[in-house]
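# Survey of secondary and tertiary structure
Letter by letter, the chains look like this.
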Amino acid sequence: MTLPGLEEGRSALGRSLLERKDLSSDWVPSFAAVPRTPFLPELMWPYDMDSGTTVTADMMDDPAVYFRYADSDVPIVTQWDDGASDGPGKVATSSASMPSVVFRMLRELDVAAGQRVLEIGTGTGWNAALLAHRLGHENVVSIEIDADVAFAARTRLAAFGLPVLVLARDGELGDEAGAPYDRIIATAGLRRIPAAWLRQTRPGGLIVAPWGTHYGNQDAIVRLALNGDGTSASGRFAGPVEFMKLRAQRLPFAGHPEYVPDGVAGADRSTTSVTEHELLGGDRFAVNSFAIGLRVRDCFHQAAPKRGGARPVWFYGLTDRSWACIMLRDGQTDADVYQSGPRNLWDEVLGALRWWRASGEPGYERLGLTVTTGGQRAWLDRPSESWEL
């Protein structure tokens with residue numbers, strides 16, 4: 001499929017998204033009509049895929065570079081440290097997602113004419129604009145917790161001729177006054193699906209969100225279908241993504257020194273034959289790490305950079321001060337393991353890894369989530385065989 005009438009950069013992006021099946025044919029008119037650039041700030045920080053670094057793009061300083069990134073399939077940071085930093089700071093807190101991810105999630109949303117959509121996490125406003133073009137601006141409501149970000153998005157949407165209602169409030173609460181909605185889509189990473197969203201979605205409706213555990217920063221797109229009476233929602237994962245987390249659900253990690261103030265001395269020591277690849281996989285979206293997080297509750301893990309052929313991987317309990325460390329060394333068949341605290345975290349991680357292997361090393365598509373107003377349960381292959389999260 002060709003995309004006539006578009007400038008070279010956007011046309012190339014559209015063709016690439018179509019070829020990779022990220023952009024479905026029903027979303028092509030919205031892609032063509034609603035460019036990302038009008039929703040981006042003049043100063044932004046794209047992630048350069050070739051160098052693996054975040055760079056600065058200033059439209060006033062170098063328009064060619066700015067528009068090249070704007071029309072590329074890259075994520076773009078638009079805010080640091082909740083607005084406290086004017087330039088690159090400690091934590092990226094608002095962004096424009098990769099177009100491929102945007103359209104993958106919109107495809108999963110499976111919208112139809114006349115349906116009403118609630119978006120959680122307005123960001124730049126581009127996602128809301130795409131929805132508004134497809135469904136009509138009166139059928140889209142977007143929520144953004146940051147008042148300044150909400151104001152900027154509201155202004156851009158109005159200037160583009162798609163005056164979506166943008167509410168500046170906590171997205172966890174949803175929009176009770178505007179409910180029920182046929183669809184809810186979140187553009188911030190979640191660690192739990194708020195009960196309010198179930199109540200505000202029509203029976204038979206859908207919730208699409210990036211969901212994960214505190215075990216790591218990775219998320220996976222989950223597509224949850226509401227049951228007949230709206231008391232629960234269930235569905236499978238549709239592949240890995242990584243989003244900035246909903247502010248109220250950010251990682252509650254106290255920091256390494258709170259757990260290991262005096263080093264590994266005094267910890268229980270053992271060895272394991274688990275390799276670096278078996279534990280961490282080949283990249284940050286490895287499904288084995290995601291699966292471990294589904295089985296080991298209230299645990300955060302962190303792999304340190306490799307130095308001198310050695311890489312420590314740390315595990316921290318989030319409800320107590322339990323910790324564990326596995327020291328992986330190049331060329332050694334056995335790795336040293338250290339554990340301390342009420343929980344034997346490495347034993348739990350090893351058990352989860354063995355479960356994943358025994359289950360046939362399932363991918364994201366075999367894993368699923370069921371949410372009720374009382375909690376969340378994960379499952380493998382069928383919802384009837386689930387476990388509490």
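Whatever comes next refers back to the structure up there.
In this report, we go over the structure that sits alongside the text.

Definitions and cut-offs
- Sequence positions are assigned chain by chain, starting from 1 and proceeding in written order.
- pLDDT decides what is reported in this predicted model: residues at 70 or higher carry local features, side-chain atom pairs at 80 or more are listed and counted, and totals for whole chains, interfaces and linings draw on all residues regardless.
- In computing side-chain values, all of the structure's heavy atoms are included and hydrogens and water are not.
- By nonpolar core is meant a set of buried Ala, Val, Leu, Ile, Met, Phe, Trp, Tyr and Cys residues that side-chain atoms within 4.5 Å join together.
- Throughout this description, buried means an accessible area under 20% of the type-specific maximum (1.4 Å probe, protein chains only), exposed means over 50%, and partly exposed covers the range between.
- Helical segments are the DSSP runs of H or I of at least four residues, strand segments are the runs of E of at least two, and each set is numbered from the N terminus.
- Pairs of residues are marked as contacts when any of their non-hydrogen atoms sit within 4.5 Å.
- Planes of paired rings set the category: under 30 degrees apart is stacked, over 60 is edge-to-face and the rest tilted, where pairs are Phe, Tyr or Trp rings (Trp by its six-membered ring) whose centres lie within 6.5 Å.
- Charges are assigned to positions over rings by a cutoff of 6 Å between ring centre and Lys NZ or Arg CZ, combined with an angular limit of 35 degrees from the ring normal.
- We place a 1 Å grid over just the protein atoms. Points where a 1.4 Å probe fits but has no way out form a cavity, open points with protein on both sides within 12 Å along at least 5 of 7 lines form a pocket, and any residue with an atom within 4 Å of a point lines it.
- Grid points are joined across faces, edges and corners, and a volume is the space filled by probe spheres set on the points.
- Salt bridges are defined by distance alone: a side-chain nitrogen of Lys or Arg within 4 Å of a carboxyl oxygen of Asp or Glu.
- Strands are treated as partners if at least two bridges between them are detected by DSSP.
- Here an angle of 0 to 180 degrees is reported between the N-to-C directions of two axes, which are lines fitted to C-alpha atoms, with helices fitted over the stretch in contact.
- To count as a disulfide, a pair of cysteine sulfur atoms needs to be within 2.5 Å.

### Topic: the nonpolar core
Core analysis: the largest hydrophobic core is formed by 57 residues, its most contacted members being L279, F315 and W346. Here the element with the most residues in this core is helix α11 (residues 345–358); it accounts for 8 residues. When residues no more than four places from it in sequence are discounted, the contact partners of F315 are Y215, L279, C299, F300, H301, S322, W323, A324, I326, L345, W346 and V349. Formed by 36 residues, the second largest nonpolar core is a distinct cluster that contains F39, V111, A132 and V164.

### Topic: the packing of aromatic side chains
Scanning all chains against the criterion turns up 19 aromatic pairs. Seen in terms of ring centroids, F103 and W126 are 5.8 Å apart; in terms of plane orientation they differ by 85°. Their pairing is edge-to-face. With F103 in helix α4 (residues 99–109) and W126 in helix α5 (residues 126–135), the pair connects residues that are 23 residues apart, well separated along the chain. Classification of F103 by relative accessible area gives buried; the value is 1%. Ring geometry for W314 against Y316: centres 6.4 Å apart, planes inclined by 15°, an arrangement best described as stacked. Across the pair, exposure class does not vary: W314 and Y316 are buried alike. In textbook terms, an aromatic cluster arises when at least three aromatic residues are bridged by ring pairs, as seen for F253, Y259, F300, W314, Y316 and W323. Against the face of W387 rests R295, its NZ or CZ located 4.4 Å from the ring centre. A cation sits over an aromatic face here: R321 above Y259, 4.8 Å from the ring centre.

### Comments concerning empty space enclosed by the protein
Applying the stated rule across the entire model yields 2 cavities of 30 Å³ or more. Roughly 60 Å³ of internal volume is contained in the largest cavity. R10, L13, F31, V34, P35, R36, A70, D71, P99 and W126 are the residues that line the largest cavity. Estimated volume of the second largest cavity: approximately 40 Å³. Taken together, T213, Y215, G216, Q218, S289, F290 and G293 make up the full set of residues lining the second largest cavity.

### Some thoughts on the pattern of salt bridges
If you walk through the whole model with that rule in mind, you get 22 salt bridges. For D330, the salt bridge is made with K306, and the minimal N-O distance between the two is 3.1 Å. Here the residue D330 occupies a position in the loop between β16 (323–329) and β17 (335–340), and K306 occupies one in the loop between β14 (299–303) and β15 (310–317), the gap between them amounting to 24 residues. By relative accessible area, D330 is classed as partly exposed at 48%. Where salt bridges share partners, they join D82, D146, R247 and R250 into one cluster.

### Remarks on the sheet that holds β14
Spatial ordering of the open sheet is given by β13-β17-β16-β15-β14, a layout of 5 strands whose pairing is antiparallel. If you trace the sheet from one side to the other, it starts and ends with β13 (268–272) and β14, each paired once. Along the sheet, successive strands turn relative to each other by an average axial angle of 20°, direction set aside. For β16 and β17, the ladder comprises 5 bridges, and the chain directions are antiparallel. By the bridge assignment, W323 is partnered in β17 with S340. α11 contacts β13, β14, β15, β16 and β17 of the sheet and is inclined by roughly 100° relative to β15.

### Re the state of the cysteines
A disulfide bridge is the covalent bond that connects two cysteines by way of their sulfur atoms. In the structure shown here, the tally under the stated rule is 0 disulfides. Here C299 is not cross-linked by a disulfide; its sulfur's nearest cysteine counterpart is in C325, at 12 Å.

### Observations regarding the pairing of β15
Across the 8 residues of β15, 7 count as buried, placing the element largely inside the fold. Where β14 and β15 come together, 5 bridges link them in antiparallel fashion. Across the sheet, H301 pairs through a bridge with F315, a residue of β15. In this antiparallel pair of consecutive strands, β14 and β15, the connection spans 6 residues, and G308 shows a positive phi of 60°.

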